[in-house]
Amino acid sequence: MVTVPPRGRPSAATRVRGSGALAWLAVPALLVFVGFGVIPLLGVLALSFTTWDGLSQDITFSGFTSWSAVLSDPGLPHALWVTFLIMALSWLVQTPASILIGVFLAGRQRYRTLLAVLYFIPLLLSSAAIAITYKALLDPNFGLGAGLGLDFLTQDWLGDGTLAMGVVIFIVSWQFIPFHSLLYQGGVRQIPRSMYEAAELDGAGRVRKFFSITLPQLKYTIITSSTLMVVGSLTLFDLIFVLTAGGPGDATRVLALDMYKRGYQANLMGPASAIAVILVLVGLALALFLRRLGGRDAGASQLEGA
Amino acid sequence: MATTLTDKPGRTATGHSGRRRRTTPRESKNWLGGTISWIWLAIVIVPIYWVVITSFKSQSTYYLSNPMAPPVEPTLDNYRLVIESDFPLYFINSLIVAIGSVVPAVLFSFMAAYAIVRASQNRFLRSVNWLFLMGLAIPLQATVIPIYLIIIRLHLYDSLLALILPSIAFAIPLSVLVLANFIRDVPKELFESMRLDGASEQTTLWRLAFPLTRPAVVTVSIYNALQIWNGFLLPVILTQSPDKRTLPLALWSFQGEYSVNVPAVLASVVLTTLPILILYVVGRRQLLSGLTAGFGK
């Protein structure tokens, strides 16, 4: 869809003159990105083979010490499991709801605009603000449940491991379902009307049309949205940091938080860097897997086009 | 949009106008989608409503009153406390970081995107583009420890510039991708005629490509501004002193300090969200398209 038409290609002479001058335009972006993106990425791998407390000047090479410490720590499989659980469950909650809401919002009725305006407010709030709000709202003594006298709402939401996981998944959905609905709304609006008209001539009902036309046509939107959800839950930090700080115990200690706590609370930058490398590898593996699944995504089509 | 934002959902008037405007009579009602959408709306609205009304309650009445009832005697004391707790300073810090990051990030990204589109055969630019695309697939948060080290070595630790530099870098991959998509849509003939008129690439960039893709530039700027405004990880790692706090960090420490004063904590939530909410009311379309920029295309 974004392939460059060959006819617009300039002649050899102008191309050489033009590209040299043009290449300079990319230099500022490249410098900043290399300095604070590429070098840190290589740096994190390098730091995972060192010992550093994060405070002093001396960083010493220590081989695989950090790696063996991290890999033999039962905290790692636990953090991986918690991350995976949040990823999978929040995907399971968000995807069907976002598709249904997106399809509904893609209709043309006027009041749906009003719905949309209100819907997207959670997208504007910072994760810190959302976490603080829910912390107050769910407080067993002073929160909504106690105030309304509703017993099922009056639980130690953030004090019980299972409940706390549920709360995190709920808040993630609260925060991001609007965004994904917006993606699906856009996807549904791109489906040609003629497909539905043809199906109607064949007497297909609403449910039939949904499963035979809408859902298959949304394939790429589903892949894009799922990629964002999966990568997003991998780097979920702000919300959990403010809401539970990984607790109770280590019940919500996801990989990104594990990295932070090892690095900045236990002052073990080597092991923290090893966790960061694992984070990068898991992220890349997931992105590649999802791309394989769809055969294409925004990034892949760009690669073909460029 | 200012009025619709404050409208209560479920007003029959809007429902009627919706029915009247229905232009596709063949469409049967989507009950399931409709029900879920309205339920979800309630789930979204209830906490927000609660935050707003509670922020106007006094601490003493908060524990006694019905949490869903509006305050009997609304008070601004909570807001006064928040403002006196240096929030204007944190607001300015956030503003400096957001503007200081977004302007260079979008300018650099635009220049790079222009070069990548215009000289798509250039080998150097192809590798640059590839590098940025890889940046999209990698969770950049994983790079914060080396960034922390670099910032210390540059003697920038605990400064606003420490937040600005990595924020620019993090914004570049997606900005380049989206802007390049839009520059590609500019008809080739326009570039060609500029070239025939003897215009330099610099002139073509600023006089032709930039004005023609202005909506995309605005969209990308808003998206980045929102990400940076709400950012938490970089401030928590790269700053330390209270006078360098940005709003999300200030919220967090205010909450730690006044955890028993729930109305004041919620007033701080409202105050820090207000600037974005105003932006949302003014530029809703740009903002929403900004949020999905690059993903829908």
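Residues numbered from 1 in each chain as written. Chains lettered and ligands numbered in written order. Predicted model: local features only at pLDDT ≥ 70, side-chain atom pairs only at ≥ 80, totals over all residues. Heavy atoms only, no water.

Within an unreviewed UniProt entry, the label attached to chain B reads Carbohydrate ABC transporter permease, and the organism entered is Nonomuraea corallina. If you open the UniProt record of chain B and go to Subcellular location (unreviewed entry), you find "Cell membrane". (UniProt positions renumbered as here; feature names shortened; annotations may be inferred.)

Regarding its fold elements, chain B presents 16 helices and zero strands. When each of the 297 residues of chain B is scored for burial, the buried share is 52%. In chain B, of all internal contacts separated by at least 6 residues, the share reaching a separation of at least 24 is 72%. For chain B, the exposed surface amounts to about 13400 Å²; the carbon and sulfur share of it is 65%. (Helix = DSSP H or I, 4+ residues; strand = E, 2+ residues; numbered from the N terminus. Buried < 20%, exposed > 50% of the residue type's maximum accessible area, 1.4 Å probe, protein only. Contact = heavy atoms within 4.5 Å. Areas by Shrake-Rupley, 256 points an atom, 1.4 Å probe, with all protein chains shown as cover.)

For the rest of this paragraph, the subject is the overall build of chain A. Within chain A, the regular secondary structure consists of 16 helices and two strands. Looking at the 306 residues of chain A, the share that counts as buried comes to 55%. Taking contacts inside chain A between residues at least 6 apart in sequence as the whole, the part at least 24 apart equals 65%. About 13100 Å² of surface is accessible on chain A, with carbon and sulfur atoms providing 66% of the total.

Right, let's talk about the pattern of salt bridges for a bit. Residues and elements named next belong to chain A. Applying the stated rule across the entire model yields nine salt bridges over all chains. Where arginine 253 meets aspartate 250, a salt bridge forms, and the shortest distance between an N and an O atom there is 3.5 Å. Where aspartate 258 meets arginine 253, a salt bridge forms, and the shortest distance between an N and an O atom there is 2.7 Å. Counted as one network, the salt bridges with shared partners bring together Asp73, Asp250, Arg253, Asp258 and Arg262. (Salt bridge = Lys/Arg side-chain N within 4 Å of Asp/Glu carboxyl O.)

Between chain A and chain B, the contact holds 105 residues from the first and 118 residues from the second. Both sides together, the interface formed by chain A and chain B hides about 10100 Å², and carbon and sulfur atoms give 76% of it. Looking only at chain A, the three residues that lose the most surface to chain B are Phe33, Phe36 and Leu124 of chain A, adding up to 8% of its buried area. Where chain A meets chain B, there are zero salt bridges. Remark: the boundary between chain A and chain B carries six residue pairs in polar contact (both at pLDDT 80 or more). (Buried area = accessible area lost by both parts, 1.4 Å probe. Polar contact = N/O pair within 3.5 Å; in protein donor to acceptor, adjacent residues only side chain to side chain.)

A grouping of Phe91, Ile92, Leu95, Ile96, Ile99, Val103, Leu107 and Trp206 of chain B is seen on the molecular surface, where their side chains present a nonpolar patch of about 660 Å² in accessible area. Within the secondary structure, isoleucine 96 of chain B is located in helix H6 (residues 87-118). (Patch = residues over 30% accessible without salt bridge, like charges linked within 9 Å, V, L, I, M, F, W, Y side chains within 5 Å.)

Quick look at the packing of H6 of chain B against helix H9 (residues 160-184) of chain B now. Residue and element names in this part refer to chain B. Relative orientation of the contacting elements H6 and H9 amounts to 40 degrees, with a least axis distance of 6 Å. In the crossing of H6 with H9, the sense of the turn from one axis to the other is right-handed. Of the residues belonging to the contact of H6 with H9, the class tally is 21 nonpolar, six polar and one charged. (Axes fitted to C-alpha atoms, helices over the stretch in contact; angles between N-to-C directions. Left-handed = near helix turned anticlockwise from the far one by under 90°. Nonpolar A, V, L, I, M, F, W, Y, C, P; charged D, E, K, R; others polar.)

Another point: the environment of tryptophan 174 of chain A. By the element assignment, tryptophan 174 of chain A lies in helix H9 (residues 161-189). On a C-alpha basis, the gap between tryptophan 174 of chain A and isoleucine 130 of chain A in space is 9.5 Å, while along the polypeptide they are 44 residues apart. Every residue in contact with tryptophan 174 of chain A, bar those within four places of it in the chain, is listed here: Pro122, Leu125, Ile130 and Tyr134 of chain A together with Trp40, Ile43, Val44, Pro47 and Ile48 of chain B.

What follows covers the packing of aromatic side chains. Under the definition given, this model contains 26 aromatic pairs over all chains. Judged by centre distance (5.1 Å) and plane angle (85 degrees), the rings of phenylalanine 210 of chain A and phenylalanine 211 of chain A are edge-to-face. Taking the relative accessible area as the measure of exposure, phenylalanine 210 of chain A reaches 16% and is therefore buried. Aromatic side chains phenylalanine 87 of chain B and phenylalanine 254 of chain B sit 5.5 Å apart centroid to centroid with 85 degrees between the ring planes, which places their arrangement in the edge-to-face category. Of the two residues, phenylalanine 87 of chain B sits in helix H6 while phenylalanine 254 of chain B sits in helix H14 (residues 247-257), which places them 167 residues apart along the sequence. Take phenylalanine 87 of chain B and phenylalanine 254 of chain B: they sit in the same class, and that class is buried. Three or more aromatic residues joined by ring pairs make a cluster, and in this case those are Trp52, Phe237, Phe241, Tyr260 and Tyr264 of chain A together with Tyr148, Tyr157, Phe232 and Trp252 of chain B. (Phe/Tyr/Trp six-rings, centres within 6.5 Å; stacked < 30°, edge-to-face > 60°.)

A negative phi angle characterises most non-glycine residues, just as the trans form characterises most peptide bonds. In the Ramachandran plot, alanine 245 of chain A falls in the positive-phi region, its phi being about 55 degrees despite a non-glycine side chain. Mapped onto the fold, alanine 245 of chain A is located in the loop between helix H13 (238-243) and helix H14 (255-265). Positive phi, normally seen in glycine, also occurs at histidine 155 of chain B, with a value near 60 degrees. Here histidine 155 of chain B is to be found in the loop between helix H8 (144-153) and H9. Owing to a relative accessible area of 73%, histidine 155 of chain B belongs among the exposed residues under this scheme.

Quick look at the UniProt feature "transmembrane region" (unreviewed entry) in chain B now. Taken from the UniProt record, the annotation "transmembrane region" (unreviewed entry) applies to residues 30-52, 90-117, 129-154, 160-183, 216-238 and 258-282 of chain B. Along residues 129-154 of chain B, the helical share is 73% and the strand share 0%, with 28 Å between the first and last C-alpha atoms.

Let us now look at the environment of methionine 269 of chain A. With respect to the secondary-structure elements, methionine 269 of chain A resides in helix H15 (residues 269-294). Here methionine 269 of chain A falls in the buried class, since its relative accessible area comes to 1%. In sequence terms methionine 269 of chain A and serine 48 of chain A are 221 residues apart; their C-alpha atoms lie 7.7 Å from each other. Contact partners of methionine 269 of chain A, with chain neighbours within four places excluded, come to Trp52, Asp53, Gly54, Gly263 and Tyr264 of chain A together with Ile145 and Tyr148 of chain B.

Here we take up the confidence of the model for chain A. Residue and element names in this part refer to chain A. The predicted model of chain A has a mean per-residue pLDDT of 82, with 88% of residues at 70 or higher. The secondary-structure element of chain A with the lowest mean pLDDT is helix H16 (residues 298-305), recorded at 39, while helix H2 (residues 27-47) shows the highest, at 93. Counted against residues more than four places away or in other chains, residues 1-16, with its pLDDT under 50, gives 19 contacts. Here residues 297-306 is a poorly scored stretch, pLDDT under 50, and it has 21 contacts once near neighbours within four places are set aside; other chains count. (pLDDT = per-residue confidence, 0-100.)

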